[in-house]
Amino acid sequence: LDIEIRAKLLPTSRPSSTIQLPTIQSDTWVEMPIESQFGSSGVVLRGIKAECTRVDTSDNPSSVVCLGQHDLKPAISLTQLPRDITLDRCVIRGNSSRTMHGLIGNVINLRLSYCLIDGIVHGNAESHGVYIDDTPGPVVIEHSKIIASGINVLVGGGSPWIPNQRVMSDGFVFRWNECTKLHEWSKDRGNVGVKNLFELKNCHYANIYGNMFTNCW
């Protein structure tokens, strides 16, 4: 499946926060804007905005793009993991108050290029711009901007559900990206949980270069 929207996007340019793109939107934590089926493969998304608009005071987990889980249930075997998925020049946006994950990326062969992830805030709890904890990879994230209050990028935050899983044993490449936080979050620490810009907790092989990390308190 290859979905391409012919918006005014240059081949090597990241979409701005104000650009008008065709939007997949959800206002409930149960239905993610984009969610993979177990075993899905061969998907390319270009020039699409996925947005979560739900306003909720509960701690129910919410994700904008959820790959590698289905109906809030994680994959429990390698055959259930999705494969060969690319997001190119897409916007992944939370509602700036109760979005826990921008992208859950448990995919065998995932590429995220020239994307914008923003609005990822989950009150004073931990949120993640990109969260990956149960795939051998390979995963490539490049030329993207990730704005999240909690942890912008977290690999290996939890114990894998797949037996004998070696997280990122086939490699994790993180290059030419920008990870940052909004200055206003430093003044609202009681209501906005701010943590690290980048964390590797369980990751066998990683190649990280040419990135910019700014604004962490």
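Residues numbered from 1 in each chain as written. Predicted model: local features only at pLDDT ≥ 70, side-chain atom pairs only at ≥ 80, totals over all residues. Heavy atoms only, no water.

Brief notes about the overall build of the protein chain
- When helices and strands are counted, the protein chain shows 0 helices and 22 strands.
- The 217 residues of the protein chain split such that 53% are buried.
- Taken as a whole, the protein chain presents about 9,700 Å² of accessible surface, with 49% of it coming from carbon and sulfur. (Helix = DSSP H or I, 4+ residues; strand = E, 2+ residues; numbered from the N terminus. Buried < 20%, exposed > 50% of the residue type's maximum accessible area, 1.4 Å probe, protein only. Areas by Shrake-Rupley, 256 points an atom, 1.4 Å probe, with all protein chains shown as cover.)

Concerning the sheet that holds strand S3 (residues 34-35)
- Strand order in the open sheet made by the 6 strands is S3-S6-S11-S14-S17-S20, with parallel pairing throughout. The open sheet has two free edges, formed respectively by S3 and strand S20 (198-200), since each of these has just one partner strand.
- Taken together, the 2 bridges between S3 and strand S6 (residues 63-67) define a ladder with parallel strand orientation. Each residue of the ladder has a partner; that of Glu-35, found in S6, is Cys-66. (Pairing = 2+ DSSP bridges.)

Here's the deal with the sheet that holds strand S5 (residues 49-52)
- Strand order in the open sheet made by the 7 strands is S2-S5-S10-S13-S16-S19-S22, with parallel pairing throughout. The outermost strands of the open sheet, each flanked by one partner alone, are strand S2 (23-26) and strand S22 (212-213).
- For strand S16 (residues 145-148) and strand S19 (residues 178-180), the ladder comprises 3 bridges, and the chain directions are parallel. Bridging from a neighbouring strand, Ile-147 pairs with Thr-180 of S19.

Remarks on the packing of aromatic side chains
- Within this structure, the stated rule accounts for 5 aromatic pairs.
- Look at Phe-174 and Phe-198: their rings are 5.0 Å apart centre to centre, the planes differ by 50°, and that puts the pair in the tilted class. With Phe-174 in strand S18 (residues 172-175) and Phe-198 in strand S20, this residue pair connects regions lying 24 residues apart in the sequence.
- Measuring from centroid to centroid gives 5.7 Å for Phe-198 and Phe-213, while their planes differ by 65°, and the two rings are edge-to-face. With Phe-198 in strand S20 and Phe-213 in strand S22, this residue pair connects regions lying 15 residues apart in the sequence.
- A network of ring pairs unites the aromatic residues Phe-172, Phe-174, Phe-198 and Phe-213 as a single cluster. (Phe/Tyr/Trp six-rings, centres within 6.5 Å; stacked < 30°, edge-to-face > 60°.)

A few points about the pattern of salt bridges
- Under the defined criterion, the tally for this structure stands at 7 salt bridges.
- Salt-bridge contacts for Arg-93 lead to Asp-118; the nearest nitrogen and oxygen are separated by 2.9 Å. Of this pair, Arg-93 sits in strand S10 (residues 91-93) while Asp-118 sits in strand S13 (residues 116-120), and the two are 25 residues apart along the sequence. Like Arg-93, the residue Asp-118 is buried in the burial classification.
- Here Lys-201 and Glu-199 are joined by a salt bridge, their closest N and O atoms 3.7 Å apart.
- Using a relative accessible area of 12% as the deciding quantity, one classes Glu-199 as buried.
- Connected via shared salt-bridge partners are Arg-46, Asp-88 and Arg-89. (Salt bridge = Lys/Arg side-chain N within 4 Å of Asp/Glu carboxyl O.)

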